[in-house]
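What follows is each chain in one-letter form.
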Amino acid sequence: MNHMTRRFAVLAVALAAPALAGAEELTVVSKVTINNGAPTTSTQYIGADKIRSSDGEHDTIVDVAGGRFTIIDHKKKEYYEFTREELTAAMAQFEQQMAGPMGAMMEKMMGGKAGEVTVTKGATRKVAGYDCTDYTYTLGENMKYDVCTTQAVQLPDQLYYYDALKGPYAMMGPMGKRFEKLFDEMKKIKGFPIAMNSSVKMMAMNMRIASEATEVKKGPIPASAFAVPAGYKKKDAPFKKK
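Residues numbered from 1 in each chain as written. Predicted model: local features only at pLDDT ≥ 70, side-chain atom pairs only at ≥ 80, totals over all residues. Heavy atoms only, no water.

## A closer look at the overall build of the protein
- A count of helices and strands for the protein gives five helices and twelve strands.
- Burial statistics for the protein: of 242 residues in total, 49% are counted as buried.
- Carbon and sulfur atoms make up 54% of the accessible area of the protein, which amounts to about 12,300 Å² in all. (Helix = DSSP H or I, 4+ residues; strand = E, 2+ residues; numbered from the N terminus. Buried < 20%, exposed > 50% of the residue type's maximum accessible area, 1.4 Å probe, protein only. Areas by Shrake-Rupley, 256 points an atom, 1.4 Å probe, with all protein chains shown as cover.)

Here's what the structure looks like:
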């Protein structure tokens, strides 16, 4: 599997987790499949003010209160950090760069300008022991998200959850706007997305990511779960200028 694809997917999952102000801490284990690759396991530790997502090769730690992100590469034994402000500035700069012909080219690659999001409600099923309802979100012919939302696990901050989910896609410029439109529609359905399957087509590329929780555990998470392993070397974030 392409390491950048895996890293992008893990960051997306981690940024999706909300701050749990006053809510019980959760450990969520999910099965994740990217395209036709072998299924892997992703674990999210959702604390009162920090979240950690791990797929065994890369970890993402989000300090919600401090607005800081830490990305860990276990193979290289390296990590890098950046703040929410640094990411926002990098997004703004990238979007400005993509405002010209290159942005128009990307729009064409995605099938033209984005229209409206269509939402279809489906059947109710069980995921990890929780009843959830399927919703399909489509934007044109090239983007589709199938999300199963459970009311049994409520988000303390519904708006923050989906605004955070937009984070990794914002660096994609005009194409990222399509993801924003999808996630804005998802905000309207209360509850926790316990399963999410996405399909995004861009010219000859078709990226499919399927994530489904297999276990949800409630209870305190030790502070050590949010620490960088000893001996790992710190490096600069890829988007920071040298």
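Alright, that's what it looks like, and here's the rest.
## A closer look at the packing of aromatic side chains
- A full pass over the atoms with the stated rule returns three aromatic pairs.
- Between Y145 and F183, the ring centres sit 5.8 Å apart and the planes meet at 85°, which makes this aromatic pair edge-to-face. Residue Y145 is located in strand 9 (residues 143–150), and its partner F183 is located in helix 5 (residues 174–186); the two are separated by 38 residues in the primary sequence. Take Y145 and F183: they sit in the same class, and that class is buried. (Phe/Tyr/Trp six-rings, centres within 6.5 Å; stacked < 30°, edge-to-face > 60°.)

## Here we look at the state of the cysteines
- Per the stated rule, a full pass over the model turns up one disulfide.
- A sulfur-sulfur distance of 2.0 Å marks the disulfide that ties C132 to C148. Linking C132 and C148, the disulfide has an S-S dihedral of approximately 90° and is accordingly described as right-handed. Of this pair, C132 sits in strand 8 (residues 130–139) while C148 is found in strand 9, placing the two residues 16 residues apart along the sequence. Each member of the pair, C132 as well as C148, is classed as buried. (Disulfide = S-S within 2.5 Å.)

## Thoughts on the environment of G67
- Among the structural elements, G67 can be located in the loop between strand 4 (58–63) and strand 5 (68–73).
- For the pair G67 and F82, spaced 15 residues apart in the sequence, the C-alpha separation amounts to 8.7 Å.
- Beyond its immediate sequence surroundings of up to four residues, G67 is in contact with F82, T83 and R84. (Contact = heavy atoms within 4.5 Å.)

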